Amino acid sequence: MNIDNIKKEFPIFDEKIQNNDLVYLDSANSSQKPKVVIDRINEFYTKEFSNVGRSIHYLAVAATNLYENTRSSVQKYINAKDKNEIVFTKGATEALNLVANTLGQKYLNEGDEILLTELEHHSNYVPWHYLRKSKNIKINFAEINEEGEIPIENIEKKITPKTKVIAINHLSNVTGAILPIKEITELAHAKDIIVVVDGCQGAPHLKLDVQDLDCDFYAISCHKMYGPTGLGILYGKKKWLEELPPYQGGGGMIKEVKKDRITYGDLPNKYEAGTMATAQVIAFDKSIKFLESIGIENIIKHEKELIEYGQEILKKNNSVKIIGNPKNKGGVISFTIEGVHPHDIATILDEDGVAIRAGHHCCQILHDKLEIPASARASVGVYNTKSDFDQLNESINKCKKIFDLK
Amino acid sequence: MNLKELYQEIILEHGKNPRNLRKTENFNKDAKGNNPLCGDNVHVYLKLNNQRKVEDISFEGSGCAISMASASIMTDLIKGKSDNEAKEIIDDFLGMIKENPELKSTILEEDDKTKLMCLSGVKQYPMRVKCATLSWHTLISAMEDDGKQVSTED
Ligand SMILES: Cc1ncc(COP(=O)(O)O)c(C=O)c1O
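Residues numbered from 1 in each chain as written. Chains lettered and ligands numbered in written order. Predicted model: local features only at pLDDT ≥ 70, side-chain atom pairs only at ≥ 80, totals over all residues. Heavy atoms only, no water.

(A) Region of interest: the sheet that holds strand β16 (residues 357-359) of chain A. Residues and elements named next belong to chain A. Spatially, β13-β14-β17-β16 is the arrangement adopted by the 4 strands of the open sheet, whose pairing is antiparallel. Only two strands of the sheet have a single neighbouring strand rather than two, namely β13 (320-322) and β16. Neighbour to neighbour, the strand axes of the sheet diverge by 30° on average, direction disregarded. For β13 and strand β14 (residues 332-337), the ladder comprises 3 bridges, and the chain directions are antiparallel. Paired with K321 across the strands is T336, a residue of β14. Taken strand by strand, helix α12 (residues 342-350) contacts β14, β16 and β17 (375-379), and its axis lies near 160° from that of β16. Sheet contacts for helix α14 (residues 386-402): β13, β14 and β17; angle to β14, the most-contacted strand, approximately 15°. (Pairing = 2+ DSSP bridges. Helix = DSSP H or I, 4+ residues; strand = E, 2+ residues; numbered from the N terminus. Axes fitted to C-alpha atoms, helices over the stretch in contact; angles between N-to-C directions. Contact = heavy atoms within 4.5 Å.)

Okay, structure coming up:
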């Protein structure tokens, strides 16, 4: 599939949004869905629906096979060693909660330390914060540098003999900085530290190879990868998923239930309690096929050109200030306009059909550090074009005019 | 939807040059409010005299044009009113933003009503209603002196 006219694969771009063509620059928040994914959900419910893994009738067996088929596709897409290292969750948030909770139950002890970074999304901070309360765990933060990146030295500096887990973003949803996960993992493993990666922004934009990264856990958000909402993925090394206790209890995750004892199911069922997001999982296979048909190298090249173009024109625009300047950057451009609050920017852009995000993007720690209450963010997906950034720039100029800026 | 209805001259002007953006000396009532989603925050100070009249009112804080303009217009209108009159104006304003097409209070001059009605533009932008109402909820809290921090996310 050619990326140059990929927009036509996404039905939403045929819609008028308040009489405008949609300029969608909010993919870091959630991506739009290609027709193949939307159709798959419809088709599954229309012709093939059944719950998975329970009944032995025809539809149930077929649905189970489809469900497991997506697991295999994900395994290949991220190059995991074993299919059972792929666990479906309700989102990346649940995946990160699962890791923090189960490590807390079995592996972490009072006084142990967890190292995060100032770039973390609340989803990769709040679940660890619970352990502060329940287990007296200490949390440290590796600092960003001037460019809005986390150099490996800043991680190294904060490692102590008590550090047990490093939980880090792969690609910052604010500065776009890509963290050197492979190097961080090498450093961490030399000290027996577990590495948990929040891959929400990494997965849609970067080539994934979890064996090469060698991280212990990698969390993915499917709705940011041209897939359905209500679905996330946790990759975990088999040794950890086998060793750690279950997260939620219920049907599907058990082997044997007696009045006086319960044994748990094998991987991956152990972590998939209750009825899962069946249709979403089955449709997500189409998202992966869609990404594969374009080719991740083409996506990387396309998005790099877009981000470079976007930065170039925004840099030329007086009073626009881009947040961070990481050497290795992907997916997003966050900015402020001197004299205009990000929410006013977003409302004014919205009138032209330009959808961006304004606020702290679930990264309050980072915004506090930068001493700004909020920022505006334009983020890209496969369907964006340079003309989207031209429109963004034009609407920013309108915004400046309303606020009487030069 | 018309953006001009939201970003009218009066709002832009108050947003840029907010009135009473300072801290009242010898204030005897105050409250803080914040909107964690937007990062807006406001601290309202009041000086009520023995006759329960608002001798001075001021605010400190930062936020979008709508929230700054709203706080600015609010402090302008409340100054010099009795606490009961102030409560009536607050109820009237919040009622208008929520559902009423007009302001009903007879305390307000036509001119003041026009200013407040400029803020009615937020009704078309549900996400922005909080920006317009934050300082008003904070003022209620200051007058009740309940020591609660106002948050739009409770
Ligand atoms: C960096 C990052 N981590 C975590 C999340 C949460 O992901 P989910 O919506 O799948 O729970 C997001 C999405 O907002 C994100 O950008």
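So, next bit.
(B) A look at the packing of aromatic side chains. Across all of its chains, the model carries 17 aromatic pairs over all chains by this definition. Between the aromatic rings of F44 of chain A and F49 of chain A, the centroid separation amounts to 5.5 Å while the plane-to-plane angle is 70°, which identifies the pairing as edge-to-face. For F49 of chain A, a relative accessible area of 41% gives the class partly exposed. Centroid distance F403 of chain A to Y7 of chain B: 5.7 Å. Interplanar angle 65°. Geometry classified as edge-to-face. One end of the pair, F403 of chain A, is in the segment after α14; the other, Y7 of chain B, is in the loop between α1 (3-6) and α2 (9-16), on a second chain. In terms of burial, F403 of chain A and Y7 of chain B fall into one category: buried. Within the aromatic cluster, the residues linked to one another by ring pairs are F10, F13, Y24, Y226, F290 and Y383 of chain A. Directly above the ring of F13 of chain A sits K7 of chain A, whose terminal nitrogen or CZ lies 5.1 Å from the centroid. (Phe/Tyr/Trp six-rings, centres within 6.5 Å; stacked < 30°, edge-to-face > 60°. Buried < 20%, exposed > 50% of the residue type's maximum accessible area, 1.4 Å probe, protein only. Lys NZ or Arg CZ within 6 Å of the ring centre and 35° of its normal.)

(C) Examining helix α2 (residues 58-78) of chain A more closely. Residues and elements named next belong to chain A. In a regular helix each residue adds 1.5 Å, so 21 residues correspond to 30 Å; α2 covers 31 Å between its end C-alpha atoms and thus fits that length. What α2 keeps buried is the set A60, A63, Y67, T70, R71, S72, S73, V74, Q75, Y77 and I78. Following α2 by one or two positions, N79 adopts a phi angle in the positive range, close to 55°. (Expected span 1.5 Å × (residues − 1).)

So far we have only geometry, and geometry alone does not tell us how the molecule works.
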